[in-house]
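Commentary on secondary and tertiary structure
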Amino acid sequence: MDPSELEDLVRKCLDEFYSRRIANLSRLRLKEVLKRKNPYLMRAIGLRTAAELVEFLP
């Protein structure tokens, strides 16, 4: 496999990965995320702002 073929393959795989990632993030709703999280656990961990919550989410 020459470098240009490898580059094309990597580009195609990354495009597919990021398009799926963006599609999943577009469907994400705050209410659904908050239903899955325990507010007492978040407080115990020390999360106090929405930005901290977003960084904490997997």
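On to the confidence of the model for the protein, then. Taken as a whole, the protein shows an average pLDDT of 86; of its residues, 98% reach a score of 70 or greater. Looking across the protein, the model is least confident in helix H2 (residues 30-36), with a mean pLDDT of 79, and most confident in helix H1 (residues 3-27), with 93.

This part is about the pattern of salt bridges. Per the counting criterion, the structure on display carries two salt bridges. The closest approach of N and O atoms between Arg-11 and Glu-7, which form a salt bridge, is 2.9 Å. Highlighted residues: Arg-11 and Glu-7, both in helix H1, separated by four residues, approximately one helical turn. Between Arg-11 and Asp-8 there is a salt bridge, with the nearest N and O atoms lying 3.4 Å from each other.

All right, on to a nonpolar patch on the surface then. On the surface, Met-1, Leu-6, Leu-9, Val-10, Leu-14, Phe-17, Tyr-18 and Ile-22 cluster together into a nonpolar patch covering about 810 Å² of accessible area. Looking at the element boundaries, Leu-6 is found in helix H1.

The next point concerns the packing of aromatic side chains. For the coordinates displayed, the defined rule picks out one aromatic pair. An angle of 75° between the planes, with centres 5.0 Å apart, marks the rings of Phe-17 and Tyr-18 as edge-to-face.

Rules used in this analysis
Residues numbered from 1 in each chain as written. Predicted model: local features only at pLDDT ≥ 70, side-chain atom pairs only at ≥ 80, totals over all residues. Heavy atoms only, no water. pLDDT = per-residue confidence, 0-100. Helix = DSSP H or I, 4+ residues; strand = E, 2+ residues; numbered from the N terminus. Salt bridge = Lys/Arg side-chain N within 4 Å of Asp/Glu carboxyl O. Patch = residues over 30% accessible without salt bridge, like charges linked within 9 Å, V, L, I, M, F, W, Y side chains within 5 Å. Areas by Shrake-Rupley, 256 points an atom, 1.4 Å probe, with all protein chains shown as cover. Phe/Tyr/Trp six-rings, centres within 6.5 Å; stacked < 30°, edge-to-face > 60°.

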